[in-house]
Every structure is written in structure tokens, then in C-alpha cells.
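# Coordinates in review
Chain by chain, the residues run as shown.
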Amino acid sequence: FYTQEQIREVVGYAAKRQVMIMPEIEVPGHSRAVAAAYPEILCDYIDPGKHELSQNSWCAANERGYEILGDILQEVAGLFPCPYIHIGGDEASKKAWGECPKCQQRMKNEGLSDLDELQSYMIRRVEKFLNSKGRRLVGWDEIIEGGLAPEATVMSWRGVEGGIKAAKDGHDVIM
């Protein structure tokens, strides 16, 4: 990890060399480290004392998780002047969502037909938060599945197909 002061030094060093650093905060997957510190971000049906290997995703229906994520993203936005914040969105295990009563209820309440649409719901909420802070969301091409957030930029890493689809739909793309 880096302290805030160390991040400011790195960002300043890069800026003097005309380099902009885009931070990446992984949502919803690749989240075991944050779950170790904040087990309440996980789906409730999982015993918080047992961090199963398959349970590496934020709960898409847990409001406390959104509060924690908002705090994290606000701090990141304050440290990195880059207009973009990368949220990952790749390789998210949705297994827990299929069994989580809160996620199932959220899907019903929002009229979502599958777990990909639930991930898209989560990404759209994150995008709305980032936009309110003057930032734009960037995510790996998996964020296309279930419907792409309105202003998202897609980084296509699994081939060119995702980037082409996003570009045809009017989104900025990084190949």
C-alpha cells in the first residue's frame, strides 16, 4: 500500500513528465483484500468469518457496501487528478449473487433478468457516483455484459469484439 503522501509524490513525479496516472479500484470482483478489511461488503448469506475463495465480489445489493465504496472512490478522486477512474469490472464471481436474498430482491425490484444485468446495475450506480465527482468511469470489456453504463469508457482486453461493440454503441474505447 501507499500512504496518501506517497501517492501525491508519485502523481506529482508523473505530472512533471506529462504522464497521467489513472487509478483502478476493482468493482465488483477481485475484492478479497477489501473484504478482509470490510467483510460487510459481501453478500449476507456468507459467514463473514469464512472468506471463501469464490466469494471475491462486492454484494450488488448491500447499501453499506455502496457507502464504503463511495468513501473509497471519493478518497481516490481526491488523490488522482485524472478525469478517469478505472473500476475493473472483470472476472467477477457472481455465484454469491445467485444465492443472496438481497441480490435476488434487488433483481426483482429493479426488473433485472439475470446476474449480468445485476452487475450492470452496480456499474451504473458507480458511474453515477463518479460522474457526481467530475470523473468518468472506465472498465474492462466485461462491463458490456448486461448493458453498458451510459457514459462508460471500455478497455477491451479479451479481443477486439468488445471494443468494436462499445464503439458502435457510441462509447469511448481503449483497445
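For the structure itself, look to the data block above.
These figures come from a predicted structure and were not determined experimentally.

### Observations concerning the overall build of the protein chain
Counting secondary structure elements, the protein chain contains seven helices and five strands. Counting from the amino terminus, the protein chain carries its helices and strands in the arrangement α-β-α-α-β-α-α-α-β-β-α-β. The C-alpha radius of gyration computed for the protein chain amounts to 16 Å, which stays within 12% of the reference 16 Å derived for 175 residues, consistent with globular compactness. On the principal axes, the C-alpha backbone points of the protein chain span a range of 50 × 40 × 30 Å. Once local pairs closer than 6 in sequence are excluded, the contacts in the protein chain between residues at least 24 apart make up 59%. Summed over all atoms, the accessible surface of the protein chain reaches about 9300 Å², with 53% contributed by carbon and sulfur. Taking the 20 positively charged and 27 negatively charged side chains of the protein chain as two groups, their mean positions are separated by 3 Å.

### Here we look at the environment of Gly65
Following the sequence through the fold, Gly65 ends up in helix 3 (residues 63–79). The exposure class assigned to Gly65 is buried, which follows from its relative accessible area of 3%. Spatially, the C-alpha atom of Gly65 lies 19 Å from that of Ala149, the residues being 84 residues apart in sequence. Once you skip the residues sitting within four places of it in the chain, Gly65 turns out to touch Ile41 and Trp58.

### Section: the environment of Leu42
Looking at where Leu42 falls in the secondary structure, it is placed in the loop between helix 2 (32–37) and helix 3. Residues Leu42 and Cys100, spaced 58 residues apart in sequence, show a C-alpha to C-alpha distance of 9.6 Å.

### Focus: the packing of aromatic side chains
The tally for this structure, following the rule as stated, stands at one aromatic pair. The interplanar angle of 75° and the centroid separation of 6.5 Å between the aromatic rings of Trp140 and Trp157 together place this pair among those described as edge-to-face. One end of the pair, Trp140, is in strand 3 (residues 136–140); the other, Trp157, is in the loop between strand 4 (153–155) and helix 7 (161–168), with 17 residues separating them in the sequence. Classification of Trp157 by relative accessible area gives partly exposed; the value is 42%. Between the NZ or CZ atom of Arg17 and the centre of the ring of Tyr13, over which it lies, the distance is 3.6 Å. Over the face of the ring belonging to Tyr66 we find Arg125, whose NZ or CZ atom lies 3.7 Å from the ring centre.

### Describing the pairing of strand 3
Taking burial as the measure, the five residues of strand 3 include four buried ones, the bulk of the element. Direction of pairing for strand 2 (residues 84–88) relative to strand 3: parallel, over a ladder of three bridges. Its bridge partner being in strand 3, Tyr84 is matched across the sheet by Arg136. With three bridges connecting them, strand 3 and strand 4 associate as parallel partners. Residue pairing in the sheet places Val138 in a bridge with Thr153 of strand 4.

### Focus on the pattern of salt bridges
A full pass over the atoms with the stated rule returns nine salt bridges. Across the salt bridge formed by Glu145 and Arg158, the nearest N and O atoms sit 3.0 Å from each other. Residue Glu145 is located in the loop between strand 3 and strand 4, and its partner Arg158 is located in the loop between strand 4 and helix 7; the two are separated by 13 residues in the primary sequence. One connected set of salt bridges, linked through shared partners, spans Asp141, Glu142, Glu145 and Arg158.

### Here we look at the packing of helix 5 (residues 101–110) against helix 6 (residues 115–132)
Where helix 5 meets helix 6, the axes come as close as 10 Å, and the angle between the chain directions of the two elements is 80°. In terms of orientation, helix 5 and helix 6 fall into the roughly perpendicular class. The segment helix 5 lies against helix 6, with Cys103, Gln104, Arg106, Met107 and Glu110 engaging Leu115, Leu118, Tyr121 and Arg125. Looking at side-chain class alone, the contact of helix 5 with helix 6 contains five nonpolar, one polar and three charged residues.

Rules of the game
- Residues numbered from 1 in each chain as written.
- Predicted model: local features only at pLDDT ≥ 70, side-chain atom pairs only at ≥ 80, totals over all residues.
- Heavy atoms only, no water.
- Helix = DSSP H or I, 4+ residues; strand = E, 2+ residues; numbered from the N terminus.
- Rg over C-alpha atoms; globule rule 2.2 N^0.38 Å.
- Contact = heavy atoms within 4.5 Å.
- Areas by Shrake-Rupley, 256 points an atom, 1.4 Å probe, with all protein chains shown as cover.
- Lys, Arg positive; Asp, Glu negative; His and termini not counted.
- Charge placed at Lys NZ, Arg CZ, Asp CG, Glu CD.
- Buried < 20%, exposed > 50% of the residue type's maximum accessible area, 1.4 Å probe, protein only.
- Phe/Tyr/Trp six-rings, centres within 6.5 Å; stacked < 30°, edge-to-face > 60°.
- Lys NZ or Arg CZ within 6 Å of the ring centre and 35° of its normal.
- Pairing = 2+ DSSP bridges.
- Salt bridge = Lys/Arg side-chain N within 4 Å of Asp/Glu carboxyl O.
- Axes fitted to C-alpha atoms, helices over the stretch in contact; angles between N-to-C directions.
- Parallel < 35°, antiparallel > 145°, perpendicular 65-115°, else oblique.
- Nonpolar A, V, L, I, M, F, W, Y, C, P; charged D, E, K, R; others polar.

Geometry only, nothing functional implied.
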